[in-house]
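Analysis of the macromolecular model
Listed below, chain by chain, are the residues.
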Amino acid sequence: MSQSASSEQRSKRELRRGVLAVRAALSADDVAESARALARQVLELPELAGAASVAAYVSVGTEPGTGPLLEALRERGVRVLLPVLLPDNDLDWALFEGAGALVRAGRGLLEPSGARLGPDAVTGVDAVLLPGLAADRRGLRLGRGAGCYDRVLARLTASGAGPVRAVLLYEGELLAHVPEEEHDRPVGLAVTPRGVHRFGDVHRLGGGPA
Ligand SMILES: Nc1nc2c(c(=O)[nH]1)N(C=O)[C@@H](CNc1ccc(C(=O)N[C@@H](CCC(=O)O)C(=O)O)cc1)CN2
Ligand SMILES: Nc1ncnc2c1ncn2[C@@H]1O[C@H](COP(=O)(O)OP(=O)(O)OP(=O)(O)O)[C@@H](O)[C@H]1O
């Protein structure tokens with residue numbers, strides 16, 4: 001198990017490098033245009049139509065952009081929770097209260113400056129929009145490698161909460177296969193600037209909600 005896990009870990013590292021190199025070549029205009037398109041795609045999701053609360057993230061650099069999306073969700077009256085990175089790589093959460101209430105944090109991140117709601121706050125939302133670097137047709141997702149969102153997905157499962165889980169990606173990051181470790185849990189959909197990709201329950205691995 002440790003043998004195959006470490007080869008999967010090496011594959012994950014290589015894949016992350018490749019995706020980040022492609023993202024690094026995007027211009028600021030590319031990122032801004034994609035962010036607008038991504039906002040349109042997410043806002044049109046029927047899965048989000050009745051959502052009162054959504055957990056999202058504040059994009060930085062060339063990540064799939066969430067700026068226009070965060071503003072639009074807030075305008076809709078949606079309660080938007082944003083992550084705050086904890087020293088052990090778990091995530092705390094605080095409310096999005098406008099771009100002016102975001103502060104520079106470690107590791108190049110922008111985080112909300114308001115009251116912390118606790119790591120379990122994410123179990124009370126209707127939808128979670130996850131950052132990621134790639135996903136495959138089973139819905140398995142590759143993240144930055146700190147395991148932050150693996151913890152979030154595990155926490156959702158453990159609590160029995162069933163929010164929509166959607167990873168935001170660029171189109172080219174939808175792959176036939178991403179390396180899989182035992183702790184990986186699938187998401188339900190991927191949203192890109194071009195469209196929505198729903199992953200069938202038939203491919204769902206053990207541990208997820210029915
Ligand atoms: N915009 C954004 N916010 C997010 C995440 C994310 O991927 N994107 N996260 C997703 O989990 C969480 C923060 N987790 C992080 C974990 C590790 C590193 C990190 O190791 N950064 C490198 C430099 C940048 C990089 O490699 O991409 C470092 O500090 O060396 C950054 C964020 C919550 N907030
Ligand atoms: N539920 C969990 N609790 C604590 N640590 C975990 C959990 N799930 C995974 N991890 C740890 O997180 C580390 C990174 O895992 P992995 O490489 O799959 O990250 P990732 O999914 O790419 O990143 P992220 O979840 O941050 O987006 C691994 O060492 C793994 O053991």
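Residues numbered from 1 in each chain as written. Chains lettered and ligands numbered in written order. Predicted model: local features only at pLDDT ≥ 70, side-chain atom pairs only at ≥ 80, totals over all residues.

Threshold: UniProt positions are given in the numbering used here, feature names are shortened, and annotations may be inferred rather than shown by experiment.
With an unreviewed UniProt entry as reference, the chain is termed 5-formyltetrahydrofolate cyclo-ligase, source organism Streptomyces axinellae. According to UniProt, the comment filed for the chain under the heading Catalytic activity (unreviewed entry) is "(6S)-5-formyl-5,6,7,8-tetrahydrofolate + ATP = (6R)-5,10-methenyltetrahydrofolate + ADP + phosphate". According to its UniProt record, the chain has this under Sequence similarities (unreviewed entry): "Belongs to the 5-formyltetrahydrofolate cyclo-ligase family."

1. Looking at the site of ligand 1
Selection rule: Near, as applied to residues and a molecule or strand, means the residue's backbone-placed C-beta atom lies within 6 Å of it. Here a helix means four or more residues in a row that DSSP labels H or I, a strand means two or more in a row labelled E, and each is numbered from the N terminus. Residues are grouped as follows: nonpolar covers Ala, Val, Leu, Ile, Met, Phe, Trp, Tyr, Cys and Pro; charged covers Asp, Glu, Lys and Arg; every other residue, Gly included, is treated as polar.
Taken together, 17 residues form the shell around ligand 1, and within it Pro-83, Arg-107, Pro-131, Ala-146 and Cys-148 come nearest. Of all the secondary structure elements, the ones that give two or more residues to the shell around ligand 1 are β2 (79-85) and α4 (148-159). Tallied by class, residues from the shell around ligand 1 come to eleven nonpolar, three polar and three charged.

2. Topic: the sheet that holds strand β3 (residues 91-95)
Rule in force here: A strand pair is defined by DSSP finding two or more bridges across the two strands. Axis angles are defined between N-to-C directions and span 0 to 180 degrees, where every axis is a line fitted to C-alpha atoms and, for a helix, only to the segment in contact.
Pairing within the open sheet is mixed, and its seven strands lie in the order β3-β2-β1-β6-β9-β11-β12. Looking at which strands have only one partner, the edges of the open sheet turn out to be β3 and β12 (196-198). The mean angle between the axes of side-by-side strands here comes to 25°, regardless of whether they run parallel or antiparallel. In the sheet, strand β1 (residues 53-55) pairs with strand β6 (residues 127-131) via two bridges, with the strands oriented parallel. Paired with Val-54 across the two strands is Ala-127, which belongs to β6.

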